[in-house]
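# Breakdown of the fold
Chain by chain, the residues:
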Amino acid sequence: MPALDVMFVGVGSYHIDKITSALKPTYGISEPIKVATPDDAIERLSDHPPDCIVSEYELSGMTGIEFLEKVRDDHPHLPVIFFTASGDDAVASRAFSDRATDYLPKDTVDSQFERLAERITEFVNQSTVEQEWKHHSSERDHEHRLFQRLQEIADIGVWSYDVQAGGGSMTEKVYDIYGISPDESISVEETLSLYDEGDQSTIHDAFDRAVTDGEPYDLKLGLSGADGVHRTVRAQGDPQIEDGTVVSVQGTIQDITEQTERQRELRLLRQAIDDAD
């Protein structure tokens, strides 16, 4: 893959050097874009958006959440990762609810930089192929190739629902996440029923609004597959509208169980360090 363009906002030179060194051997990185203030970052985004933003939470003139909201206004799919010594579980929860891509607390071990390099590359890959899929989604000749590329590179499944027909299709990765065989037939209602009881109304309402009102969604949910395995997933839906009418909903589902567990372990490590101090 081409060398990455990563913008660092409010991140110190020591950490930028460490992250850049972690990216170079395997992933490659262009000259890092160092920005001191969020206002400068927003201005530079209008000229040349990077592949990813790595930002502190405590910023000059605004919080990380306020900065994230400004980024999302014009760049809804740009990966934004908070790498910070500030904040707590409440801040992390708010960041994710406002569509931060990831939230990693700083610690004292060098392995944190390798973890962050892995996350940057993973999210850039995912964002790139999602945008390519959406760009070509109306071109039927590209559909199968893009579905396969999505699964191989980003490890996510892709589905499509035809509103008029009342049914659709899913790639093998979706079946895998739901814990069922691709040979089995399953309805939309049956797939929605696999989500955790506390999340079922959320996904039902989001899917209904996508179909009836053309409202996209991006949710983090719990799911108990038919194979008995509990997973945490990221579920996205993107309505396709023609002449003011929703004709289909296309979406992705990604198993983020390991990512969620890593975030939990990092929070526990941070708490242990704070308690030791």
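Residues numbered from 1 in each chain as written. Predicted model: local features only at pLDDT ≥ 70, side-chain atom pairs only at ≥ 80, totals over all residues. Heavy atoms only, no water.

## Structural notes on the overall build of the protein chain
Condition: Secondary structure elements are taken from DSSP: a helix is a run of H or I of four residues or more, a strand is a run of E of two residues or more, and numbering for both begins at the N terminus. Partly exposed residues are those whose accessible area sits between 20% and 50% of the maximum for their type, while under 20% is buried and over 50% is exposed, using a 1.4 Å probe and protein chains only. The method behind every accessible area is Shrake-Rupley, applied with a 1.4 Å probe, and residues are considered shielded solely by the protein chains displayed.
Along the backbone of the protein chain there are 10 helices and 12 strands. Burial status across the protein chain gives 46% buried among its 277 residues. As displayed, the protein chain offers around 13900 Å² of accessible surface, 45% of which is attributable to carbon and sulfur atoms.

## Digging into the pairing of strand β1 (residues 6-9)
Where a strand is regular, its side chains alternate between the two sheet faces. To be explicit about the condition: A pair of strands is treated as paired once DSSP finds two or more bridges between them.
Residues Val6 and Phe8 point to one face of β1 and Met7 and Val9 to the other, with burial holding for every one of them. Bridge count between β1 and strand β3 (residues 52-55): four bridges; the pairing is parallel. From the neighbouring strand, Val9 faces β3, where its bridge partner is Ser55. Sheet analysis places β1 next to strand β2 (residues 33-35), joined by three bridges and oriented parallel. Among the inter-strand pairings, Phe8 is bridged to a residue of β2, identified as Lys34.

## Observations concerning the pattern of salt bridges
In plain terms, the rule: Salt bridges are counted wherever a side-chain nitrogen of Lys or Arg sits within 4 Å of a carboxyl oxygen of Asp or Glu.
Applying the stated criterion to the full structure yields seven salt bridges. The partner of Asp102 in a salt bridge is Arg119, and the shortest N-O contact between them spans 3.2 Å. Remark: Arg119 occurs in helix α5 (residues 111-136) and Asp102 occurs in strand β7 (residues 102-105); sequence separation between them is 17 residues. Judged by its relative accessible area of 0%, Asp102 is buried. In this structure Arg119 comes out as buried when scored by relative accessible area, which is 5%. Glu215 is paired through a salt bridge with Arg209; the nearest N and O atoms lie 3.4 Å apart. Glu215 sits in the partly exposed class, given a relative accessible area of 36%.

## Points about the nonpolar core
This is how the line gets drawn: Nonpolar core, defined: a set of buried Ala, Val, Leu, Ile, Met, Phe, Trp, Tyr and Cys residues in which side-chain atoms within 4.5 Å join the residues together. Between two residues, a contact is recorded if the distance between any of their heavy atoms is within 4.5 Å.
Within the largest apolar cluster, 24 residues are counted, with the highest numbers of intra-cluster contacts made by Tyr178, Tyr195, Ile203, Tyr217 and Ile253. Looking at this core, the elements that each hand over two or more residues are β8 (156-162), α7 (172-178), α9 (197-213), β10 (217-224), β11 (230-242) and β12 (245-255). It is α9 that provides the largest number of residues to this core, a total of five residues. Filtering out sequence-adjacent residues up to four positions away, Tyr178 remains in contact with Met170, Thr191, Leu194, Tyr195, Leu223, Gly225, Ala226, Asp227 and Ile253.

## A short note on the confidence of the model for the protein chain
This is how it is decided: Confidence of the predictor at the level of single residues is given by pLDDT, which spans 0 to 100.
Residues with a pLDDT of 70 or more make up 84% of the protein chain, whose mean pLDDT is 82. When mean pLDDT is compared element by element in the protein chain, α9 scores highest at 95, while helix α6 (residues 140-154) scores lowest at 54.

## Description of the packing of aromatic side chains
Put simply, the rule is: Centre distance within 6.5 Å is the pairing criterion for rings of Phe, Tyr and Trp, where only the six-membered ring of Trp is used; planes under 30 degrees apart are then read as stacked, over 60 as edge-to-face, and the remainder as tilted.
Under the defined criterion, the tally for this structure stands at seven aromatic pairs. Pairing Tyr57 with Phe82 gives two aromatic rings, centres 6.0 Å apart and planes at 75 degrees, and the pair type is edge-to-face. Of this pair, Tyr57 sits in the loop between β3 and β4 (58-59) while Phe82 sits in strand β6 (residues 80-84), and the two are 25 residues apart along the sequence. The exposure class of Tyr57 is buried, given its relative accessible area of 11%. Both rings, one in Tyr161 and one in Phe207, keep their centres 5.2 Å apart while their planes meet at 70 degrees; by these two values the pair is edge-to-face. Of the two residues, Tyr161 is situated in strand β8 and Phe207 in helix α9; the sequence distance between them amounts to 46 residues. Residue Tyr161 shares its accessibility class with Phe207, and that shared class is buried. Taken together, the aromatic side chains of Tyr14, Phe83 and Phe113 make up a single cluster linked through ring pairs.

## Section: the side chain of Thr84
Quick reminder of the rule: Under the rule applied, a polar contact is a pair of N or O atoms within 3.5 Å (in protein, one hydrogen donor and one hydrogen acceptor; residues adjacent in sequence only if both atoms are side-chain atoms).
Relative to the elements of secondary structure, Thr84 occurs in strand β6. Engagement of the side chain of Thr84 in a polar contact is seen with the side chain of Glu56, the distance being 2.6 Å.

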